[in-house]
Amino acid sequence: MTVFVIRSNVTLPRTKITILGGGPGGYEAALVAAQLGAEVTVVDEDGLGGACVLTDCVPSKTLIESSSTMTSLSRAASLGLELANGANPVVGVDAPALNARIKALAAAQSHDIAEHVAAEGVRIIQARGRLAGPHTIQAGDATVQADVVLIATGASPRALAEGMPDGERILTCRQLYDMTELPEELVVVGSGVTGAEFASAYQALGSQVTLVSSRDRVLPHEDKDAAMVIEDVFRRRGMNVLGRSRAEAVHRKGDGVVVTLSDGRQVAGSHCLLTVGMAPSTKDIGLAEAGVQLDARDFIEVDRVSRTSVPGVYAAGDCTGVLMLASVAAMQGRIAMWHALGEAVHPIRLSHVASTIFTDPEIASVGVSQAAVDRGEVPARVVKLPLATNPRAKMGGIRDGFVKIFARPGTGMVLGGVVVAPRASELILPLSIAIEQSLSVDQIAQTFSVYPSLSGSVTEAARTVMEYGTDAIL
Ligand SMILES: Cc1cc2nc3c(=O)[nH]c(=O)nc-3n(C[C@H](O)[C@H](O)[C@H](O)COP(=O)(O)OP(=O)(O)OC[C@H]3O[C@@H](n4cnc5c(N)ncnc54)[C@H](O)[C@@H]3O)c2cc1C
């Protein structure tokens, strides 16, 4: 039976859309397609919200909420509060309760998404699926035909060739929440975003953490000033940060683990967390047979409106490797649907993506990078204002962090920014809005911020980087 939908006084047959993968790339696309009147099916094997909600982003940020509370409590004495038992903390970690909360919250979020998506009329099939042709998805026993297919199968944590995770002592980031106790001595291999976030969180919760970094510094791909603040905070709080140390192998030894570095040194711990990157989930799902082009690292090749090499087949999210963020996955998915269903669409603009590293303090950034300015690729005036002079930061005992703004010389247009602060993820928004709306530092400087507030440092930084012509001074 053909079902028709009425839009704009024209009766059109409903476009059939099938989406493989129900993470942000998949379910956000499903919502847009349903809103536009398509007949939508989502095939997912683990649960809506995907790895983002069930194992990655949501669980890690829930863990970090608890670890941030520990950090706040550790400042109590400096704020004039007396902890019972003196130096012995009254707050300990109940690992089973902590992890149970994390898993329950993730499951509830996945359930809420599934209900929302189903309420929009989307059919959800819980099964492993594969492409059986450009217009056919095999989902368990069901064969689903589609005019348009979206692949949004995500990615999975990589392991070391000699260091396969066992879920007990050698762990990926998806296996942390089954632990029944807090790791006594955690060795984190990898100092990118995921490694830094977990190292920060477990250290705050009370683990002795060693961070093994193959590069000169932690967070090698991030703003250097921000990374230096974080590394300094890590070391000051007692973390053992091993720079220029490449992990070759991880083995179980007795009740613990031993990590062997490429120069022969060994690092012992009770547990090892591997954060050495993500591999796209693009194997054995019929992509090559359908003619979908993959790159050398097995990510699906897409253009800026999420088209693959096969007409009618789109891809979004981590399986494309474009930028492994939930917000980017969701936007790629939405763009795919707007494009496929004939709506006006802007190709994705990665230079406008705001992102945060949820260490303590957080690092949030948007727009051009310091590295691009230093290489002379982007002419920019730069101001970096330390947070330590902000009155609200003083009140909270916060001394680490800064606000940095990049502005175009002459016009003062905001080109980018970096905020290192508690809740920097919330403080970056004015700079994101400025970039998206082509605002100048003068316009931010003339905006009221609350006194006292951390956001006062954003307006103050904008005032500092403003250029006054001679006319204004005379
Ligand atoms: C520890 C960690 C923390 C992170 N924190 C953040 C953060 O704070 N902010 C942020 O923006 N990003 C964060 N990310 C990145 C974010 O989680 C990903 O970018 C996001 O999940 C990508 O969404 P996706 O839709 O591409 O895939 P996923 O969320 O991975 O979902 C893919 C879905 O497809 C399903 N699937 C795969 N293959 C098949 C198949 N053959 N058949 C059926 N179903 C299939 C999977 O079961 C899964 O449900 C984090 C990542 C990690 C690892």
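**Section: the sheet that holds strand β14 (residues 240-242)**
Pairing between the strands of a sheet comes from backbone hydrogen bonds, and it takes one of two forms, parallel or antiparallel.
Okay, so step 1: With respect to topology, 5 strands assemble into an open sheet ordered β11-β18-β12-β13-β14, the strand pairing being parallel. Edge strands, defined here as strands with exactly one partner in the open sheet, are β11 (170-172) and β14. Within the sheet, the average angular offset between the axes of one strand and its neighbour, ignoring direction, is 20°.
Okay, so step 2: Direction of pairing for strand β13 (residues 208-212) relative to β14: parallel, over a ladder of 3 bridges. The residue of β14 that forms the bridge with Thr 210 is Asn 240.
Okay, so step 3: Seen against the sheet, helix α5 (residues 193-205) touches β12 (185-189), β13 and β18 (271-274) and runs at an angle of roughly 165° to β13.

**Side note on the pairing of β12**
Okay, so step 1: β12 sits mainly inside the fold: 4 of its 5 residues count as buried.
Okay, so step 2: Handedness of the crossover joining β12 and β13 through α5: right-handed.
Okay, so step 3: Here β12 runs beside β18; their pairing, made up of 4 bridges, is parallel. Bridge pairing links Val 188 to Leu 273 in β18.

**Quick look at the layout of surface pockets**
Okay, so step 1: For the second largest pocket, the calculated volume is near 700 Å³.
Okay, so step 2: In this structure, the second largest pocket is lined by 28 residues; those nearest its centre are Met 70, Thr 71, Ser 74, Arg 75 and Arg 237.
Okay, so step 3: Broken down by secondary-structure element, the contributors of at least two residues to the lining of the second largest pocket are α3 (57-74), α5 and β13.
Okay, so step 4: For the lining of the second largest pocket, the leading source of residues is α3, giving 4 residues.
Okay, so step 5: Partitioned by chemical class, the residues of the lining of the second largest pocket number 13 nonpolar, 9 polar and 6 charged.

**What to know about the site of the ligand**
Okay, so step 1: Among the 37 residues in the neighbourhood of the ligand, the closest are listed as Gly 25, Asp 44, Asp 46, Gly 129 and Asp 318.
Okay, so step 2: At 3.3 Å from an oxygen atom of the ligand is found a main-chain nitrogen or oxygen belonging to Pro 24.
Okay, so step 3: Across the complex, the protein chains shield 92% of the 990 Å² of accessible surface that the ligand would expose by itself.
Okay, so step 4: Sorting the residues of the shell around the ligand by element identifies α1 (24-35), β4 (39-44), α2 (50-54), α3, α5 and α8 (326-340) as the ones contributing at least two each.

**Some details on the packing of aromatic side chains**
Okay, so step 1: Counted according to the given criterion, the structure contains 1 aromatic pair.
Okay, so step 2: A cation sits over an aromatic face here: Lys 384 above Phe 402, 5.1 Å from the ring centre.

**Quick notes on the environment of Glu 82**
Okay, so step 1: Examined against the element boundaries, Glu 82 turns out to sit in the loop between α3 and α4 (95-119).
Okay, so step 2: Residues Glu 82 and Met 239, 157 residues apart in the sequence, show an inter-C-alpha distance of 26 Å.

**A look at the packing of α1 against α8**
Okay, so step 1: The N-to-C vectors of α1 and α8 enclose an angle of 35°; their axes lie 7 Å apart at closest approach. In this structure, α1 meets α8 at a crossing whose hand is right-handed. For the pair α1 and α8, the contacting residues are Pro 24, Gly 25, Glu 28, Ala 29, Val 32 and Ala 33 in the first and Ala 326, Ala 329, Ala 330, Gly 333, Arg 334, Met 337 and Trp 338 in the second.

Procedures and definitions
- Residues numbered from 1 in each chain as written.
- Predicted model: local features only at pLDDT ≥ 70, side-chain atom pairs only at ≥ 80, totals over all residues.
- Heavy atoms only, no water.
- Pairing = 2+ DSSP bridges.
- Helix = DSSP H or I, 4+ residues; strand = E, 2+ residues; numbered from the N terminus.
- Axes fitted to C-alpha atoms, helices over the stretch in contact; angles between N-to-C directions.
- Contact = heavy atoms within 4.5 Å.
- Buried < 20%, exposed > 50% of the residue type's maximum accessible area, 1.4 Å probe, protein only.
- Right-handed = clockwise from strand over helix to strand, strands pointing away.
- 1 Å grid on protein atoms, 1.4 Å probe; cavity = no way out; pocket = protein on both sides within 12 Å on 5 of 7 lines; lining within 4 Å.
- Points joined across faces, edges and corners; volume = space filled by probe spheres on them.
- Nonpolar A, V, L, I, M, F, W, Y, C, P; charged D, E, K, R; others polar.
- Near = heavy atom within 4 Å.
- Polar contact = N/O pair within 3.5 Å; in protein donor to acceptor, adjacent residues only side chain to side chain.
- Areas by Shrake-Rupley, 256 points an atom, 1.4 Å probe, with all protein chains shown as cover.
- Phe/Tyr/Trp six-rings, centres within 6.5 Å; stacked < 30°, edge-to-face > 60°.
- Lys NZ or Arg CZ within 6 Å of the ring centre and 35° of its normal.
- Left-handed = near helix turned anticlockwise from the far one by under 90°.

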